[in-house]
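Now for the letters of each chain:
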Amino acid sequence: MEIVLMISSFLISPLNEQGLRLKMEQAPQSIFFFRYAIVTGANKGIGIEIVRQLASNGVKVVLTSRDEKRGLHALETLKDLSHLVLFHHLDVAHPASVDSLANFIKSEFGKLHISINNAGIGGLVIKDNDLVPQVLFKSRRVLNEWAKGILGDAENLTGERVDEVLNEFLKDIKEGCLERKGWPKVLGAYIISKAAMNAYTRIVAKKYPTICINSVSPGYVKTDITANIRLLTAEEGAATAVKLALLSNASSGLFYFQSDVSSF
């Protein structure tokens, strides 16, 4: 079974479904000598550590990055694993870039076993590091009961329903009524996008039952988005995703907080 993990500690733009289908197409078994993986947003932090750990477990990994220069520099830091790691440019926000990677995977390997979608855009710079714990630890929940009802209704969840929640949130931002409507007051876009991504995980998992698709939060990791405040190391955060990616009989459509199944 192929594995797709969406790392939910960041604002994430999931790979489009066309790219997903292309990457997961079957090919003659005789061409396989490795398990093949891609990791998006892999030029630093958790992303590059996921690449390192997958390759250390014998997986052939395509390290991807929106910034080609940074991606190639990251590749240079993995010289000891150069026989198992290669670079390909990827901007998950542009369908043409996703298609280019999908075509590369199809032509070079014929099949992809693991896709870890770590790429994201934080959208916020906190200059006072003392504020980071307050922002991260106190701003984690969607309190809008209407939105919680939709995103938590797994049986009736659709992409259109997720879009409905996002559009309502954007409307309430414009009208200045986030607090009155029960939306998060701090890092609202960050939190709602995470909730939407977790909901989308359920939708895609149901649509592709032969592919194991989960979302995972690695915990509070020392990266740029946490102003590099030491909570967990990037190595520790990456280990969560790698462990799940390498499971042979994992369940699908779940949300993991670190290594444990959690409620959405």
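Look up a bit, the structure's there.
Throughout, a residue's number is its position along its own chain's written sequence, starting from 1. Owing to the predicted nature of the model, reporting of local features is limited to residues with pLDDT of at least 70; listing and counting of side-chain atom pairs is limited to 80 or more, with chain, interface and lining totals taken over all residues. As a rule here, side-chain values cover all heavy atoms of the structure and leave hydrogens and water aside.

## Observations concerning the overall build of the protein chain
Argument step 1. Secondary structure assignment for the protein chain yields 10 helices and 8 strands.
Argument step 2. Classification of residues uses two cut-offs on accessible area relative to the type maximum, computed with a 1.4 Å probe and protein chains only: under 20% is buried, over 50% is exposed, and between them is partly exposed. Every one of the 264 residues in the protein chain was classed for burial, and the buried ones make up 49%.
Argument step 3. Two residues qualify as a contact provided that any one of their heavy atoms is within 4.5 Å of a heavy atom in the partner residue. A separation of at least 24 residues holds for 70% of the contacts in the protein chain among residues at least 6 apart in sequence.
Argument step 4. Using a 1.4 Å probe, accessible areas were evaluated by the Shrake-Rupley method; residue-level cover was limited to the displayed protein chains. Within the structure as shown, the protein chain displays about 13,200 Å² of accessible surface, and the carbon and sulfur contribution to it stands at 52%. Strands are runs of DSSP state E lasting at least 2 residues, helices are runs of H or I lasting at least 4, and numbering of each runs from the N terminus.

## What about the packing of aromatic side chains?
Argument step 1. When the centres of two rings from Phe, Tyr and Trp lie within 6.5 Å, Trp using its six-membered ring, the rings pair. Their planes under 30 degrees apart give stacked, over 60 give edge-to-face, and anything left gives tilted. Applying the stated criterion to the full structure yields 3 aromatic pairs.
Argument step 2. Centroid distance F104 to F109: 6.1 Å. Interplanar angle 80 degrees. Geometry classified as edge-to-face.
Argument step 3. Overall, the relative accessible area of 18% leaves F104 in the buried class.
Argument step 4. Ring geometry for F169 and W183: centres 5.2 Å apart, planes at 70 degrees, overall edge-to-face. Residue F169 is located in helix α7 (residues 159–175), and its partner W183 is located in the loop between α8 (178–181) and α9 (188–207); the two are separated by 14 residues in the primary sequence.
Argument step 5. Judged by its relative accessible area of 4%, F169 falls in the buried class.
Argument step 6. The exposure class of W183 is buried, given its relative accessible area of 2%.
Argument step 7. Connected via pairs of aromatic rings, a cluster forms that spans Y36, F104 and F109.

## So, the nonpolar core
Argument step 1. To form a nonpolar core, buried Ala, Val, Leu, Ile, Met, Phe, Trp, Tyr and Cys residues must be joined to one another through side-chain atoms within 4.5 Å. Counting 26 residues, the largest nonpolar core has V39, I50, V51, L54, V61, L63 and I116 as the members making the most contacts within it.
Argument step 2. Put simply, the parts of the chain that give this core at least two residues each are β2 (36–39), α2 (45–56), β3 (60–65), β4 (85–89), β5 (114–117) and α10 (234–245).
Argument step 3. At 6 residues, the largest contribution of residues to this core is made by α2.
Argument step 4. Setting aside chain neighbours within four positions, we find I50 in contact with V39, I116, A238, A241 and V242.
Argument step 5. Grouped together as the second largest cluster of nonpolar side chains are 13 residues, L151, F169, I192 and I203 included.

## Examining the side chain of T240
Argument step 1. Position of T240 relative to the elements: it lies in helix α10.
Argument step 2. Here T240 falls in the buried class, since its relative accessible area comes to 7%.
Argument step 3. Among all residues touching T240, those that are not within four sequence positions of it are V216, P218, Q258 and S259.

## Overview of the pattern of salt bridges
Argument step 1. In what follows, salt bridge is the name for a side-chain nitrogen of Lys or Arg lying within 4 Å of a carboxyl oxygen of Asp or Glu. For the coordinates displayed, the defined rule picks out 10 salt bridges.
Argument step 2. Here K171 and E168 are joined by a salt bridge, their closest N and O atoms 3.5 Å apart. A residue pair is termed a helical-turn pair when its members lie 3 or 4 positions apart in one helix, as K171 and E168 do in helix α7 at 3 residues.
Argument step 3. By relative accessible area, K171 is classed as partly exposed at 33%.
Argument step 4. Owing to a relative accessible area of 24%, E168 belongs among the partly exposed residues under this scheme.
Argument step 5. The residue K181 makes a salt bridge to E168 at a minimum N-O spacing of 3.9 Å. Taken together, the positions of K181 in helix α8 and E168 in helix α7 put the pair 13 residues apart, joining distant regions of the chain.
Argument step 6. With a relative accessible area of 28%, K181 lands in the partly exposed category.
Argument step 7. Residues joined by salt bridges that share partners form a network here, namely E168, K171, D172, E175 and K181.

## Things to note about unusual backbone geometry
Argument step 1. In this model, Q258 sits at a positive phi of 55 degrees, which is unusual for a non-glycine residue.
Argument step 2. Mapped onto the elements, Q258 comes out in the loop between β7 (255–257) and β8 (260–262).

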